[in-house]
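# Report on the structure
Residue strings, one per chain:
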Amino acid sequence: MKVAKFGGTSLADANQFKKVADIIKADEERKFIVVSAPGKRHEHDFKITDLLIRLGEAYVKEEKYKSYYITIVDRFSQIINDLELDESLMNEIEDRIKQVMELDLEFNEKLDHFKAIGEDSSAKILSQYLQKLGLEASYVNPKDAGILLEDTPTGAKLSDKSYDRIYQLRDRGGILVIPGFFGYTEDGKLLTFSRGGSDITGAIVAAGVKASLYENFTDVDSVYTVNPKIVENPKPIELLTYREMRELSYAGFSVFHDEALIPAFKANIPVEIKNTNNPLKKGTLIVSNKKPNDNCVVGIASDTGFSSIYVSKFLMNRELGFGRKLLQIFEEEGVSFEHVPSGIDEMTVIVRDSQLGDKEERIVERIKNELHPDTVAVHHNLALIMVVGEGMKETIGMAQRATTALGEAKVNIEMINQGSSEVSMMFGIKANDLHRAIKSLYREFFEQE
Ligand code: ASP
């Protein structure tokens with residue numbers, strides 16, 4: 001039994017719903033279907049979830065909300081009309097929006113109810129459409145699917161009790177269409193995951209029903225070896241491990257929601273990324289383990305928006321607790337760090353600019369006053385490049401190939417970091433050099449073979 005999750009662009013209009021239905025029909029193992037809210041039909045379009053958020057905010061703040069309401073209702077009625085489904089479904093969706101407007105809840109809770117309408121409506125439309133095509137299909141609310149959540153300060157977390165409940169879905173007949181992105185706590189509170197969170201629902205359902213495969217349908221054929229905005233037509237990645245995917249998505253590969261792979265990973269379920277618009281094309285398969293092959297670099301990821309705080313002090317290596325005290329300052333200021341490359345007498349703390357915000361001056365002052373270093377220097381506009389591949393640990397000369405490629409591109413390396421697991425090598429460079437660096441690394445690792 002497979003779980004297939006369809007993202008927002010796969011359900012953006014009636015035509016996309018038809019493609020989704022064809023995909024479901026083509027393989028009878030596709031029994032559990034998880035859906036997103038309708039996404040963008042074209043670059044300048046709106047995602048339904050964004051419209052629902054605006055509607056919710058405007059309504060609660062007693063601002064003008066009608067235009068959002070009308071746009072949302074129009075989008076759904078167009079889909080329902082084009083699929084020639086019963087008009088009563090549109091009434092049901094509209095009634096739900098009105099009901100949510102009237103809910104007497106505090107702001108965030110009410111907003112969660114608004115956000116969930118997108119996925120919930122998608123699932124109802126799809127299940128009705130599958131029924132119209134003569135398939136045995138039903139809509140299953142996350143509560144009935146057994147997706148039980150806990151409300152934690154860092155967001156919605158899956159309760160341990162969920163998996164046994166979700167497993168029972170296997171006994172239900174027909175195709176089950178489950179809305180992604182939200183669930184309920186034991187006392188009935190509706191919670192949504194962070195944005196893009198339908199991927200999480202998909203992975204939870206896959207782990208819960210012990211699926212043979214979790215198919216994640218999106219609008220790209222596969223994961224690419226490098227950002228297609230930097231290198232034209234890069235090679236696709238056919239096979240990837242979870243750890244490689246994690247390293248790639250850390251540095252800018254945005255195919256997956258960060259947390260989404262965890263449930264599938266823990267349950268050892270292979271994940272396949274496929275294109276709704278090109279479903280016969282081979283996608284990218286993500287697995288726990290793979291045999292080493294010749295091409296040990298699988299992808300090169302990069303991201304900008306980092307800063308480094310460099311601290312040096314003579315005889316730092318002998319000063320007990322220096323590193324802890326330095327990192328504690330970041331912790332106390334609420335800034336999480338990304339990497340800490342160090343030397344005998346120096347440490348550099350790399351942080352995302354979004355984390356640093358306006359706290360830079362205060363942190364620098366605290367380091368000076370509390371640690372009495374010789375130097376503290378902050379550098380902005382850093383980019384990080386991750387050269388990723390599990391096979392690197394068994395292969396000699398990988399770092400040399402990478403640094404030569406960067407040297408040939410006349411890129412100055414500000415920092416090198418290779419974790420002990422050797423899944424990736426990381427280079428810190430000036431953001432301005434990024435495109436040149438990536439192109440040269442791509443040539444070295446993917447065009448030579
Ligand atoms: N609809 C939600 C969002 O736009 C969740 C998702 O699509 O995965 O973030």
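Residues numbered from 1 in each chain as written. Predicted model: local features only at pLDDT ≥ 70, side-chain atom pairs only at ≥ 80, totals over all residues. Heavy atoms only, no water.

### Considerations on unusual backbone geometry
For residues that are not glycine, phi is negative in most cases, and the peptide bond is trans in most cases. Within the chain, Lys-210 stands out as a residue other than glycine whose phi angle is a positive 55°. Along the chain, Lys-210 falls in the loop between α8 (198-208) and β9 (213-218). A residue is classified by how much of its surface remains accessible, and Lys-210, at 59% relative accessible area, is exposed. The phi dihedral of Asn-233 is positive, around 45°, even though this residue is not glycine. When you line up the elements, Asn-233 lands in the loop between β10 (223-224) and β11 (236-237). (Helix = DSSP H or I, 4+ residues; strand = E, 2+ residues; numbered from the N terminus. Buried < 20%, exposed > 50% of the residue type's maximum accessible area, 1.4 Å probe, protein only.)

### Re the site of the ligand
Taken together, Ser-36, Ala-37, Lys-47, Thr-49, Glu-119, Phe-181, Arg-195, Gly-196, Gly-197 and Ser-198 form the complete shell of residues around the ligand. A distance of 2.7 Å is found between a nitrogen atom of the ligand and a side-chain nitrogen or oxygen belonging to Thr-49. Measuring from a nitrogen atom of the ligand, one finds a side-chain N or O atom of Glu-119 at 2.7 Å. (Near = heavy atom within 4 Å. Polar contact = N/O pair within 3.5 Å; in protein donor to acceptor, adjacent residues only side chain to side chain.)

### So, the packing of aromatic side chains
What the rule picks out here adds up to five aromatic pairs. Both rings, one in Phe-6 and one in Phe-217, keep their centres 4.8 Å apart while their planes meet at 15°; by these two values the pair is stacked. Linking Phe-6 in strand β1 (residues 2-6) with Phe-217 in strand β9, this pair joins segments that are 211 residues apart in sequence. Residue Phe-6 is classed as buried on the basis of its relative accessible area, which comes to 0%. The interplanar angle of 80° and the centroid separation of 5.0 Å between the aromatic rings of Tyr-59 and Tyr-65 together place this pair among those described as edge-to-face. Assessed through its relative accessible area of 21%, Tyr-65 is described here as partly exposed. Across from the ring centre of Tyr-139, 5.2 Å away, lies the NZ or CZ of Lys-124, which sits over that ring. Seen from the ring of Tyr-184, Lys-143 lies directly overhead, with NZ or CZ sitting 4.4 Å from the centre. (Phe/Tyr/Trp six-rings, centres within 6.5 Å; stacked < 30°, edge-to-face > 60°. Lys NZ or Arg CZ within 6 Å of the ring centre and 35° of its normal.)

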